[in-house]
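Working through the structure, step by step
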Amino acid sequence: MAVTYSLPRMDGMRTDRLKLAASLTRPMLALVAAFALTTLALLSTGVSPLEAYRLVLFGAFSTPVRLSDMIMLAAPLLLCAVGLSITFAGGLYNLGVEGQMIAGAIAAMVPLRLWPDWPPLLLWLLAGLSGAAGGALWALLIGALRQYANVSEIFAGLGMNFLASGLALYMVLGPWRRQTSASLSGTDLLPRDLWLPTIDRLRLAPAAPLIALLALAVVWWALTKTRWGLEVRAVGLNPAAAGRLGVAAARRMAETLAACGALAGIAGMLQVVAVHHALIPNISSGIGLLGLLVALLARADPRWLLPIAVAFASFTVGSIQLPLTLGIDSAIAGVLQGALVLFALVARARVR
Amino acid sequence: MDQLWIDLAAVLAAASPLVIAAMGETLSERAGVINLSLDGTMLLAAMTGFAVALTTGNLLLGFAAAALVGAAVATVLGLFSLTLGQSQTAVGFVLALLCTDLSSFLGAPFVRVPGPAVPFTPIPVLADLPVLGTLFFRHDPVIYASFLIIPATAYLLYGTRLGLIVRALGERPAAVYARGVDVTRWRYALLIAGGALVGIAGAAFSLDLKQGWSYRHTFGAGWIVLAIVIFGGWRPWRVALGCYLFAALEIVATRSQSALPNFPTQIIQVAPFVLMIFVLALVNLASSPAAMRRAATLPQIWQRPLLGAINRLRATAPAALGQPFERP
C-alpha cells in the first residue's frame, strides 16, 4: 500500500474541518462515480438502468432459493476475503488465491474418494483438514518462490493458478474421470450422504456460512488482538524495519500465506461438498479474484469484510437473471464491483 | 524441411500480439510503472477494435479505437497511481478485472459475429526468397509491425537520449529529476504510449490472429505478457524471444493433442506459463549470492562459462519499478 505522509500545517483548524468533510463526502462521491460508470454501461445497451439495478441489487433477495444461492456464494467468498485480509495486512498481493482454492478442492476430494464408506461427519472433517492443508501447501510454494527464488508473489501466484487449474483438469479427465466417459463437466457426483446437509428444498447448507463467520471472528481476533497480528501488520508496513525490531519477517509472511491458503482451501472444499458435489475444472469460478476485490475494498479492516462480501455475492447472484429477463450480459455485476473498488481507492487518496 | 519453416512462420505469426503488448509493457515498466491491467485492457481493446471495425467497415479505425482504449486505461491507471498516490498493483489489478467484465458486458452483441480481418499481404519479390520469404515476408501488416517494433523498442531504449531518460526513470528517478526532467509527466507519457501498444495488441487478436469476438477472447494473454516481460529481464530482444518461445510451446501443445489421444492434453496448455515461472525461479536461484559463492569454489575452467551464462540469464528489475516518486 502507498505510504502516506502528512506535513505539519499552520492552518490546523481548517484542514481538520476539511478532512472531516472529506472523510464523509469522498466515499459518497466514490459510490456515485461507480454507479455513474455502471449506469453508462447499462444505458449503452438500451435497457432501463432502473430495471437492471432492481435485479442486480435486490434480485438475490427476491426468492428463498436465490437468497440461499447468495449465501452459498457469500460463504466461500468471505473465506477467501478473510484469508486475503491476512496477506494484505502482511503486505502481500496473493493473486494465487484462486489456485489455492482449486488445490484445496482437489485435496478435499482425496479422502472423499478413498473412503466413501466412512461416517460422513468424519469424512467432512477429513476433507476440511485436507483441503486446508492443500491450500496452505499451494500458498507456501508461492512463499518459497518469493523468498528463495526472488519471484514476486504476484507472478508466482499466477503461475500456481495456471498449475492448479491444469491439475484439476488432469484429475477430472484422467484419474477421476467419470465411469461412463471422461467429461469436462466434472467427476462423478459424490454419494448423496456425503453432501453437506441442506435446509429443506433449498441449496443452503448452513455449515458453510457458519464456517465462514467463524473464520472471520478468529482472523479478526488474531489480527487485532494478538502479538502475532501486530507483527504481521508491522511486516506489512515495512518488512525491513520490522526485521530490525526482532520480527521474523520472512516467517510471518510465510505464515500469512499459509493461513490465507488454508482458508481458500476450505472454501474449495465447501465448493466440493456443499455446492457442486463433485470436482469440476472451474471449481473456483473466479471467487478468489472476487475475494481480492472484497479484501481491497475492506482495506484489510475485518469489520467491513462481511457486509461487502454479502453485497458482492448478491450482485453476482442477482445479475444471473439479467440475460433471461432483460437480454443483457450478467457481467454488469462485475463492472459494478470493479468500479466500486476502483473509485474507493481514489477516495482514499491523500489530500494535497 | 519446408514444413519446419512453415511451422516456424506460424510461431512468428502467433506471437505477434504478444510481442506488441510485451514491448508496450516493457516501455512502461522500464519507466518504473507496472501496468497490471494488461489482461483487461487487451480484452476491452480487442472488443472495441472489433466492434468499431465491424460497424465502420474500416480496419484502421478499429486499430485506432483499440489504441485509444489502451491509452485511456493507462491514463486512468496513471491518474490513480502517479497523481493520486495509490498502489500501482492495486489499481492495475482492479482495472484488469473491471475491463474484463466491461468487455464481456459491452461485447455481448458482437459474440461470434463474423467481421472484417487484416488481409494476407505477402511482400512482392521478398516473399519468393527461399527460407526467409516463408519466415518473414508471407504475413500480414500486423505481423510485419510486430517484427519491426522489436528493434525499434531496443533502439529507443539503448540508442537514443530519450531511452536514457526512460531507463533512468525506472532506475533512479531522483537523478533524472535533478537533471530537470519532470518524472511524473514522463512516466505518464511512457505509460500511455505503452498502453496504446497494448490496445493495438488486443485488436491484433480480434482483427487478425483470432478473428472475431467471444467471451474472454484473448484467453489470459495479458497475464502471460506480464510474466514474459519479467522472464525477458525487461530487455526488448529477450522479451521478444520469450514471446516466440511461448508461442512455439503453445503450438506444440495444440499439435500434441492429436498425437496423444489417451492423455488429457488440455493440461499441456497451462504448461508454458508454469514452465516460464519455474525457469525464472531457477535463474534467480542460480544467481543468488549463495549459489555464486558455491560457483566460486568450482575449478577455474568451469567458472567463467558458468558465471557468464548466469549473468546473461539473470533478470534484474528496474530498481524503482512500482515505487511512488516523491519530489525531493
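Here the structure is a predicted model, which is why all the values come from computation and not from measurement.

Moving on, we get to the packing of helix 4 (residues 97-114) of chain A against helix 6 (residues 153-173) of chain A. Residues and elements named next belong to chain A. Where helix 4 meets helix 6, the axes come as close as 8 Å, and the angle between the chain directions of the two elements is 30 degrees. Regarding the angle of helix 4 to helix 6, the classification is roughly parallel. Between helix 4 and helix 6 lies a crossing whose hand is left-handed. Residues Glu98, Gly99, Ile102, Ala103 and Ile106 of helix 4 touch helix 6, and the partners they reach there are Met160, Asn161, Leu163, Ala164, Ser165, Leu167, Ala168 and Met171. Its residues assigned to classes, the contact of helix 4 with helix 6 comprises nine nonpolar, three polar and one charged.

Time to look at the interface of chain A and chain B. The partner chain B presents 34 residues to the 41 residues of chain A that form the contact. Sorting the residues of the side of chain A that touches chain B by element identifies helix 1 (12-45), helix 5 (120-149), helix 6, helix 11 (287-298) and helix 14 (332-347) of chain A as the ones contributing at least two each. It is helix 6 of chain A that contributes the most residues to the side of chain A that touches chain B, twelve residues altogether.

Moving on to helix 6 of chain A. Helix length check: helix 6 of chain A (21 residues) gives 30 Å between terminal C-alpha atoms against 30 Å at 1.5 Å per residue, within 8%. Across the 21 residues of helix 6 of chain A, 20 count as buried, placing the element largely inside the fold.

Moving on to unusual backbone geometry. Residues and elements named next belong to chain A. Not every positive phi belongs to a glycine, and Asn150 is a case in point at roughly 60 degrees. Structurally, Asn150 can be placed in the loop between helix 5 and helix 6. Under the C-beta neighbour-count criterion, Asn150 is labelled partly exposed, with 19 such atoms within 10 Å.

The rules behind each value
- Numbers given to residues run from 1 along each chain, matching the order in which its sequence is written.
- Chains and ligands are labelled by the order in which they are written, letters from A for the one and numbers from 1 for the other.
- Only residues with pLDDT of 70 or above have their local features reported here, since the model is predicted, and side-chain atom pairs are shown and tallied only from 80 upward, although totals for entire chains, interfaces and linings are computed over all residues.
- Axis definition: a line fitted to C-alpha atoms, limited for helices to the stretch in contact. Angles are taken between N-to-C directions and run from 0 to 180 degrees.
- Numbering of helices and strands runs from the N terminus; a helix is a DSSP stretch of H or I covering at least four residues, while a strand is a stretch of E covering at least two.
- In what follows, roughly perpendicular refers to angles from 65 to 115 degrees, roughly parallel to angles under 35, roughly antiparallel to angles over 145, and oblique to any angle outside these ranges.
- Rotating anticlockwise by less than a right angle from the far helix to the near helix defines a left-handed crossing, while the corresponding clockwise rotation defines a right-handed one.
- We call two residues in contact when their backbone-placed C-beta atoms lie within 7 Å.
- Here the nonpolar group is Ala, Val, Leu, Ile, Met, Phe, Trp, Tyr, Cys and Pro; Asp, Glu, Lys and Arg are the charged ones; every other residue, Gly included, is treated as polar.
- Between the first and last residue of a helix there are one fewer steps than residues, each counted as 1.5 Å, and that sum is the expected span.
- Three exposure classes are used. Buried residues have 20 or more other C-beta atoms within 10 Å of their own C-beta, exposed residues have 12 or fewer, and partly exposed residues fall in between, all C-beta atoms being placed from the backbone.

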